[in-house]
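Topology and contacts: notes
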Amino acid sequence: MRIGVLDVGSNSAQLQVVEASPGAPPLPTHAVKQATLLGEAIEPDGSISAEGADRVIAAVREAVAAARTLQVDRLFAFATSAVRDAANGSEIAQRLRDEAGIQPRFLTGEDEARLTYLAVRRWYGWSAGRLLVLDIGGGSMEIALGRDAQPDLAVSLPLGAGRLTRAFLPDDPPSKRQLRELRHHTRSTLREVSDRLRWEGDPKRVIASSKTFKQLARLAGAPPQRTGPFERRHLRRSDVASWIPRLAAVPSAERARFRGISEARARQILAGAIVAHAVMTTLDIRSLDVSPWALREGIILHHLETVMHQEQPLSLDSLQPVEVLETPMTNVTPIKSP
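Calculation notes
Residue numbers here run from 1 along each chain, matching the order of that chain's written sequence. In keeping with the predicted nature of the model, local features appear solely for residues at pLDDT of at least 70, side-chain atom pairs appear and are counted solely at 80 or more, and the whole-chain, interface and lining totals rest on all residues. Only hydrogens and water are set aside; all other atoms, that is, all heavy atoms of the structure, feed into the side-chain values. Two strands form a pair only when DSSP identifies at least two bridges running between them. The way it works is that DSSP assigns letters per residue, a run of H or I at least four long becomes a helix, a run of E at least two long becomes a strand, and they are numbered from the N terminus. Every axis corresponds to a line fitted to the C-alpha atoms, with the helix fit spanning only the stretch in contact, and the corresponding angles, defined between N-to-C directions, vary from 0 to 180 degrees. Here the term buried applies to any residue with accessible area under 20% of the maximum for its type, exposed to any over 50%, and partly exposed to those in between, with areas from a 1.4 Å probe on protein chains only. We call two residues contacting when some pair of their heavy atoms lies within 4.5 Å. Working definition of a nonpolar core: buried Ala, Val, Leu, Ile, Met, Phe, Trp, Tyr and Cys residues. They are joined through side-chain atoms within 4.5 Å. Angular relationships are summarised with four words: roughly parallel below 35 degrees, roughly antiparallel beyond 145, roughly perpendicular across 65 to 115, and oblique for the angles in between. Gly is placed with the polar residues, together with every amino acid not listed as nonpolar (Ala, Val, Leu, Ile, Met, Phe, Trp, Tyr, Cys and Pro) or charged (Asp, Glu, Lys and Arg). Only one rule defines a salt bridge in this text: a Lys or Arg side-chain nitrogen within 4 Å of an Asp or Glu carboxyl oxygen. Any two of the Phe, Tyr and Trp rings considered here, Trp counted by its six-membered ring, make a pair once their centres fall within 6.5 Å; the pair's planes then place it as stacked at under 30 degrees, edge-to-face at over 60, or tilted in between. In our convention, an over-ring charge means Lys NZ or Arg CZ found within 6 Å of a ring centre and within 35 degrees of that ring's normal.

Attention now goes to the pairing of strand 4 (residues 74-79). Where strand 1 (residues 2-8) meets strand 4, six bridges bridge the pair, whose relative direction is parallel. Bridge assignment links V5 to a residue of strand 4, and that residue is F76. Bridge analysis of strand 4 against strand 5 (residues 105-106) gives two bridges, and the strand direction is parallel. The residue of strand 5 that forms the bridge with A79 is F106.

Okay, structure coming up:
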């Protein structure tokens, strides 16, 4: 089955297409990306401007047309906090239905945390042990902790890089006072969950996903994305700390010249770095790995698991009496195919 996942986010509408089958990794065969730039389109009342709404509609229409051209069998469209939390989010959803022919699903922050955790867990496998998963998006930050298929804890905080840039860093580059207020706000917000996370115990491994962490890792010398998903990428807290003053000292146009920083995200990478450093400091994380899989892969994996559960039930013979276990193994009845 050819599955497409369309992520309508604060910076772009991204279509990822995979040839999906149960048990196989959801590696993309095609990717289409159209700019939305919603971080520049939020009005004082929290609504998305008419120009921003038009960009969303146009981007989604292009992505849907690409999905048809690529003969996608099933398309999952979802919108994250940029559209979900907008004062006119429902109106934009109606326009998408009428003008682009698609009804996006609004995921909650907790949904995003759980689906991202699912993808990261599948990538690293059961041997990775207890995982702490961090994801910094444009409108929110998701945190999930667990060792099983479902996380023990999944939370979402309003610490997205785009949201904080608009609220705390209006100047480009920002003033020292603006930076100080952003750091204070970030630490205060993290205190809402830090005690609970410490109470849950230390994870065996800390994994980050999202473009923010990927770009910070690239700044710190990690391999570029074009080298593929199997290259190991990690990020140290000390690297983030050393890059924050360098990012803060220059305007966004100059940041876009740094290694791995895209022009569309240059404005908000500083806020993302401050959040990343704050969460790593608060939770005493010295270094973390960066996962190639995140929310979109989590949606595909969730769908495949659901299909496999419904369409391929496992049929087992009844257990034999205990004494049968003493007979040679050749007498054991095999599992029947469905």
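Sheet strands line up and pair through hydrogen bonds in the backbone, either parallel or antiparallel. Across the sheet, which stays open at both edges, the six strands sit in the order 8-7-6-9-11-10 with mixed pairing between neighbours. A single partner strand is all that each edge strand has here, and the edge strands are strand 8 (153-157) and strand 10 (234-236). Strand after strand, the sheet turns through a mean of 25° between neighbouring axes, direction not considered. Pairing geometry for strand 9 (residues 205-209) and strand 11 (residues 287-290), over two bridges, is parallel. Its bridge partner lying in strand 11, I207 is registered against D289.

As for its position among the elements, Y117 is in helix 4 (residues 109-124). Given a relative accessible area of 0%, Y117 falls into the buried group. For the pair formed by Y117 and L216, sequence separation is 99 residues and the distance between their alpha carbons is 20 Å. In this structure Y117 touches L131, V133, A144, L145, G146, R147, D148, A149, Q150 and P151, once residues within four positions along its chain are discounted.

Take the nonpolar core next. Formed by 48 residues in total, the largest nonpolar core has its most connected members in L132, L134, M141, I143 and L288. Among the elements that take part in this core, helix 10 (residues 269-282) stands out by supplying ten residues, more than any other. Dropping the residues within four chain positions of it, L134 is found in contact with E142, I143, V206, I207, A208, S209, F213, V279, I285 and L288. Membership of the second largest hydrophobic core comes to 29 residues, among which are A13, V56, L96 and I102.

As a further point, take the sheet that holds strand 3 (residues 28-35). Taken together, five strands build an open sheet; the order of strands is 3-2-1-4-5 and the sheet is mixed. The open sheet has two free edges, formed respectively by strand 3 and strand 5, since each of these has just one partner strand.

A separate point is the packing of helix 7 (residues 211-219) against helix 10. Pairs of packed helices are described in terms of their axes, by the angle between the two and the distance that separates them. The interhelical angle for the contact between helix 7 and helix 10, taken along N-to-C directions, is 90°, at an axis separation of 10 Å. On the basis of their axis angle, the class for helix 7 and helix 10 is roughly perpendicular. Seen from helix 7, the contacting residues are T212, F213, Q215 and L216; seen from helix 10, they are I269, G272, A273 and A276. In terms of residue class, the contact of helix 7 with helix 10 is made up of five nonpolar, three polar and no charged.

In this section: the pattern of salt bridges. Tallying each qualifying case throughout the model produces 20 salt bridges. The partner of R205 in a salt bridge is D289, with the nearest N and O atoms 2.9 Å apart. Residue R205 is located in strand 9, and its partner D289 is located in strand 11; the two are separated by 84 residues in the primary sequence. When its relative accessible area of 28% is taken as the criterion, R205 is described as partly exposed. What makes D289 buried here is its relative accessible area of 5%. Between D289 and R232 there is a salt bridge, with its nearest N and O atoms 3.0 Å apart. Here D289, found in strand 11, pairs with R232, found in the loop between helix 7 and strand 10; they are 57 residues apart in sequence, far enough to count as distant.

Our next topic: the packing of aromatic side chains. By the definition in use, this model includes three aromatic pairs. Ring plane angle 65° and centroid distance 5.4 Å describe the contact between W243 and F258, whose orientation is recorded as edge-to-face. Here W243, found in helix 8 (residues 237-248), pairs with F258, found in the loop between helix 9 (252-255) and helix 10; they are 15 residues apart in sequence, far enough to count as distant. W243 gets classed as buried once you look at its relative accessible area, which sits at 11%. In textbook terms, an aromatic cluster arises when at least three aromatic residues are bridged by ring pairs, as seen for W123, F230 and W293. Over the ring of W243 we find R246; its NZ or CZ atom is 3.8 Å from the centre of that ring.

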